[in-house]
Each structure stands twice: as structure tokens, then as C-alpha cells.
Amino acid sequence: MAEENITEEKKKFDDEEEKEQHLTFPQKLLRMFQRFGDLFFLNVYFTITCIPIITIGASITALFTVTNKMVQNEEGPIHQTYLRAFKENFKQATIIWLLDLLYIGSMVLEYIYCMGHTDQISKVLFIMVGFQFFLFALAFPLQFPLLSRYENSIGKIMLNSLIIAFARPSIWFRMFFIWALPFALYYVSIKALIYTWYLWGLIFTALFAYICSTFLIPFYEEMENPAEDDEEEISN
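Residues numbered from 1 in each chain as written. Predicted model: local features only at pLDDT ≥ 70, side-chain atom pairs only at ≥ 80, totals over all residues. Heavy atoms only, no water.

Draft legend 1. Summary view of the packing of helix α3 (residues 56–71) against helix α10 (residues 204–224). Between α3 and α10, the shortest axis-to-axis distance is 8 Å and the interhelical angle comes to 65°. The hand of the α3/α10 crossing is right-handed. Only T205, A206, A209, Y210, C212, S213, T214, L216, I217 and Y220 of α10 make contact with α3, whose side of the interface consists of L63, F64, T67, N68, M70 and V71. Across the contact of α3 with α10, the residue classes break down as 11 nonpolar, 5 polar and no charged. (Axes fitted to C-alpha atoms, helices over the stretch in contact; angles between N-to-C directions. Helix = DSSP H or I, 4+ residues; strand = E, 2+ residues; numbered from the N terminus. Left-handed = near helix turned anticlockwise from the far one by under 90°. Contact = heavy atoms within 4.5 Å. Nonpolar A, V, L, I, M, F, W, Y, C, P; charged D, E, K, R; others polar.)

Draft legend 2. Up close: the nonpolar core. Within the largest apolar cluster, 46 residues are counted, with the highest numbers of intra-cluster contacts made by L42 and L216. If you list the elements that add at least two residues to this core, you get α2 (25–50), α3, α4 (78–88), α5 (90–116), α6 (120–149), α7 (154–167), α8 (169–188) and α10. Among the elements that line this core, the one with the most residues is α10, at 10 residues. Each residue touching L42, except ones within four places of it in the same chain, is listed here: L63, V66, T67, M70, I78, Y82 and A206. (Core = buried A, V, L, I, M, F, W, Y, C linked by side-chain atoms within 4.5 Å. Buried < 20%, exposed > 50% of the residue type's maximum accessible area, 1.4 Å probe, protein only.)

Draft legend 3. Representation of the side chain of T67 within the structure. Examined against the element boundaries, T67 turns out to sit in helix α3. The exposure class of T67 is buried, given its relative accessible area of 0%. Engagement of the side chain of T67 in a polar contact is seen with the backbone oxygen of F64, the distance being 3.2 Å. Within polar-contact distance, the side chain of T67 engages the side chain of S213 at 2.8 Å. In contact with T67, other than residues within four places in its own chain, are L42, A206, A209, Y210 and S213. (Polar contact = N/O pair within 3.5 Å; in protein donor to acceptor, adjacent residues only side chain to side chain.)

Draft legend 4. Spatial organisation of the packing of aromatic side chains. Enumeration over the complete set of coordinates arrives at 18 aromatic pairs. Ring plane angle 70° and centroid distance 5.4 Å describe the contact between F40 and F41, whose orientation is recorded as edge-to-face. Residue classification places F40 among the partly exposed residues on the basis of a relative accessible area of 32%. With relative accessibility at 48%, the residue F41 sits in the partly exposed group. Judged by centre distance (5.0 Å) and plane angle (20°), the ring pair of W172 and F176 falls under stacked. Here F176 and W172 lie together in helix α8, a separation of 4 residues that amounts to about one turn. A relative accessible area of 34% places F176 in the partly exposed class. Each residue in the set W179, F183, Y186, W200, F204 and F208 is aromatic and connected to the rest through ring pairs, giving one cluster. R174 extends its terminal NZ or CZ atom over the ring of F215, reaching a point 4.6 Å from the ring centre. (Phe/Tyr/Trp six-rings, centres within 6.5 Å; stacked < 30°, edge-to-face > 60°. Lys NZ or Arg CZ within 6 Å of the ring centre and 35° of its normal.)

Draft legend 5. Quick look at the pattern of salt bridges. Going through the model one piece at a time under the given rule, you end up with 3 salt bridges. A salt bridge links R168 to E222, with the shortest nitrogen-to-oxygen separation between them at 3.1 Å. On the criterion of sequence distance, the pair formed by R168 in the loop between α7 and α8 and E222 in helix α10 is long-range, its members being 54 residues apart. Its relative accessible area of 28% is what places R168 among the partly exposed residues. (Salt bridge = Lys/Arg side-chain N within 4 Å of Asp/Glu carboxyl O.)

Okay, here's the thing in C-alpha cells:
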């Protein structure tokens, strides 16, 4: 039954893709403005639900749930889809988010200790902090996108995000690059932050998540339909 649902979903996505190719330029332009409007409202919902801080994990998960559906042209009403995903994933997403915060907090405390001491322990601890940051940088970008797509235990979600980062570095790199680039630019030029900070609350976050979903969806389908990929290779 699960395989049939995946096949039907893929067929529907292919049909929508074919329809998209036959749209006229004015229709494509109208579609683009509609999409930006949807992303604007999605970003506003995301910003509002992030305000309590503790709900950021559930907000990111709901955000990717909607952008995934947008890419497949099956999102429906934005507010209903977002709020449903927010509620359904709230418990798991919040636990993962709190674990991430504890992990970050431990790294910060270790780093502070290293900066204030010059003994052998601080040298070893400094290396450990570097390794811990490396693991976190690999796992974090994919945790909530995976949760938005699959039902799994918290441990497996976090482990799978790490495995995918190692097994498919191109997917991880694109996710990391898309989100890290703006902050790198802000580090280089504080003026860029002054001029654009408010756009994160209006459009940037949803837009970046949508861009990520454009390559995450084909990746998900590749994982979910390995037999079809093998058949295509054999036929070629």
C-alpha cells in the first residue's frame, strides 16, 4: 500500500511537471507572483510561530512540509497545511530542537573553558569542540527536513541526517551552503545585515527553504523508488 501511494504521488508530480512545461509566458509569470505571495504568507506564519523560541524546531519542520508540497504543486491552503504540520510534528521537533540547544550550549561552555585556560585539558577539549561542531554542522541541516517527510523515531531522524550527510555530501553541501552563505556575507559586511535583516521575517526564510525543497524532493523520490532507478539504468 505504501509503495502504491509513493507511485501515485510520483505520477501526480510528473503530470504537474508536464503541465508546467506547457504554460504560456504570462501564465508562468502569474504563477511566479502567486508563488511569491504564498512564500510571503508562509514566512509570516513561520516568523510568528518561532517567537516563543522553544517552538523553532516545529516551525522549521512545518516550513519544509509546506515547501515540499509547493514543489510538488499540492500544498493546498497555506495556513491549514502549515498549522497541521506544526501540530503533528510538534512533540518530536521540539525534543530535537531542545537536544540541539543543549548540544550547542555544551560546546559553548567547553569553548569558554578553553579560552580561559592553557592546561593540557583545555587543549584536548578544544579538539573535542572542533569535532563536536563538525558533527553538528553535518547533522543539523537535514534533521527537520527529514522529519517533515518521514515518520521515524527521534534517534533515527538524527542518525539518518548524519548518515545522509556522509553518504550524499552533495545534498548536505547545498543545504549548508544555502543557509550559511547569507551569514558569511553578514560577517564580511555588517551593512548587508542592516539592510536585509527584516526580509528574513517576510520572505527569505521561506524562499531559501523552497530552494532546498527543489533538490530535496528528487532526492527523496530517489530513495523511495530505488527499483525504478535500477530499471532505468538497465534499460539505458
